[in-house]
Amino acid sequence: MTEEVNAKVLLPCPFCGDKPELVEWEVGQRKYYAVRCRCDVMMGELSTAQGWAKKEDAIKVWNQREV
Ligand SMILES: [Zn+2]
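In this text the structure is predicted, and so the values were computed from the model without any measurement. (Residues numbered from 1 in each chain as written. Predicted model: local features only at pLDDT ≥ 70, side-chain atom pairs only at ≥ 80, totals over all residues.)

Caption draft 1: Spatial organisation of the overall build of the protein. Counting secondary structure elements, the protein contains two helices and two strands. Going from N to C terminus, the protein has its helices and strands arranged as α-β-β-α. A total of 67 residues make up the protein; the buried ones form 12% of that total. For the protein, the proportion of contacts with a sequence separation of at least 24, taken over those separated by at least 6, is 32%. (Helix = DSSP H or I, 4+ residues; strand = E, 2+ residues; numbered from the N terminus. Buried ≥ 20, exposed ≤ 12 C-beta atoms within 10 Å, placed from the backbone. Contact = placed C-beta atoms within 7 Å.)

Caption draft 2: Up close: the nonpolar core. The biggest cluster of nonpolar side chains holds six residues, and these are A34, V35, W52, A58, I59 and W62. The leading source of residues in this core is helix α2 (residues 55-63), at three residues. Once you skip the residues sitting within four places of it in the chain, W52 turns out to touch Y32, Y33, A34, D57, A58 and V61. (Core = buried A, V, L, I, M, F, W, Y, C linked by C-beta atoms within 7 Å.)

Caption draft 3: Representation of α2 within the structure. Within the span of α2, buried status applies to A58, I59 and W62. All buried residues of α2 project into a common sector of 95° when viewed along the axis, lining one side. For α2, the secondary structure elements touched by its buried residues are β1 (21-27) and β2 (30-36). (Arc of directions from axis to C-beta.)

Caption draft 4: Broad picture of the pairing of β1. Little of β1 is tucked away, with zero of its seven residues classed as buried. Here β1 pairs with β2 via seven bridges, running antiparallel. Directly across from L22, in β2, lies its bridge partner V35. Counting the residues that bridge the hairpin from β1 to β2 gives two residues, and of these G28 lies at a positive phi of roughly 65°. (Pairing = 2+ DSSP bridges.)

Here is the structure:
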């Protein structure tokens, strides 16, 4: 159950310490999600330029980012 909780809680940004926000946008008819914060790093080097199709995946990747 721990994993489910983690997939819904965004950890603070390791770079600016700010609280990140989940962003979503549409490309065609598909929705994409990513996480970004004030220092404007969007998923850092893990970026796929398009984001994730699932909110939970975007949050998970953000939370597992290496500093
Ligand atoms: Zn930041």
